[in-house]
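One-letter residues, chain by chain:
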Amino acid sequence: GCNANVDLDRLLSLYQDAINRSSSGDGDGDGGDDIQLSFVSIQFPDPHFKKSHVKRRVVTPALVKTLAKYMKEGDVVFLQSDIKDALEAMRDQFVEGV
């Protein structure tokens, strides 16, 4: 399993390192290109939408910061929830993180 708030940055860094190692033998000496996420989908992530469970939410400032490291302006984050307040809270995390 993977907890996006704990493991995502580490996993993407490991993936980047593996890409750089595998492409470093191509003779151009640049070590490969940085990975970029162009589309992220976060769907129905927060079954605990009560205020007392805010600390358990998936979309946190740390997650937004990690995604920003691997995305560029204009890339897409698709958010979906059946709870309007949860959706707005997720959106606000991304707006505030800009």
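Below: a short report on this structure. Note that this is a predicted model, so its numbers are computed, not measured.

## Description of the overall build of the protein
Right, on to step 1. Each helix and strand counted, the protein has three helices and two strands in total.
Right, on to step 2. Counting helices and strands in the order they occur from the N terminus, the protein gives α-β-α-β-α.
Right, on to step 3. Here the protein holds 98 residues, and the buried ones make up 27% of them.
Right, on to step 4. Restricting the contact set of the protein to residue pairs at least 6 apart, pairs at least 24 apart contribute 65%.

## Considering the packing of helix H1 (residues 4-23) against helix H2 (residues 61-70)
Right, on to step 1. Orientation of H1 relative to H2, taken along the N-to-C sense of each, is 20°, at an axis distance of 9 Å. Relative to H2, the element H1 lies roughly parallel. The two elements H1 and H2 meet at a crossing, and its hand is left-handed. Of the residues in H2, those touching H1 at Ala4, Asn5, Leu8, Asp9, Leu12 and Ser13 are Leu63, Thr66, Leu67, Lys69 and Tyr70.
Right, on to step 2. Per-class residue counts for the contact of H1 with H2 are six nonpolar, three polar and two charged.

## Things to note about the pairing of strand E1 (residues 39-43)
Right, on to step 1. Of the two faces of E1, only the one carrying Val40 and Ile42 is buried; Phe39, Ser41 and Gln43 on the other face are not.
Right, on to step 2. Here five bridges tie E1 to strand E2 (residues 76-80), and the two strands are oriented parallel to one another. Along E2, the bridge assignment pairs Gln43 with Gln80.

## Here we look at a nonpolar patch on the surface
Right, on to step 1. Residues Phe39, Val76 and Phe78 make up a contiguous nonpolar surface patch of about 270 Å² in total accessible area.
Right, on to step 2. If you trace the backbone, Val76 turns up in strand E2.

## Examining H2
Right, on to step 1. If you check which residues of H2 are buried, you get Leu63, Val64, Thr66, Leu67 and Tyr70. Looking down the long axis of H2, one finds its buried residues gathered within 160° of arc, a one-sided arrangement. Of the exposed residues in H2, the ones pointing more than 90 degrees away from its buried face are Pro61, Lys65 and Lys69.

So, how was this worked out
- Residues numbered from 1 in each chain as written.
- Predicted model: local features only at pLDDT ≥ 70, side-chain atom pairs only at ≥ 80, totals over all residues.
- Heavy atoms only, no water.
- Helix = DSSP H or I, 4+ residues; strand = E, 2+ residues; numbered from the N terminus.
- Buried < 20%, exposed > 50% of the residue type's maximum accessible area, 1.4 Å probe, protein only.
- Contact = heavy atoms within 4.5 Å.
- Axes fitted to C-alpha atoms, helices over the stretch in contact; angles between N-to-C directions.
- Parallel < 35°, antiparallel > 145°, perpendicular 65-115°, else oblique.
- Left-handed = near helix turned anticlockwise from the far one by under 90°.
- Nonpolar A, V, L, I, M, F, W, Y, C, P; charged D, E, K, R; others polar.
- Pairing = 2+ DSSP bridges.
- Patch = residues over 30% accessible without salt bridge, like charges linked within 9 Å, V, L, I, M, F, W, Y side chains within 5 Å.
- Areas by Shrake-Rupley, 256 points an atom, 1.4 Å probe, with all protein chains shown as cover.
- Salt bridge = Lys/Arg side-chain N within 4 Å of Asp/Glu carboxyl O.
- Arc of directions from axis to C-beta.

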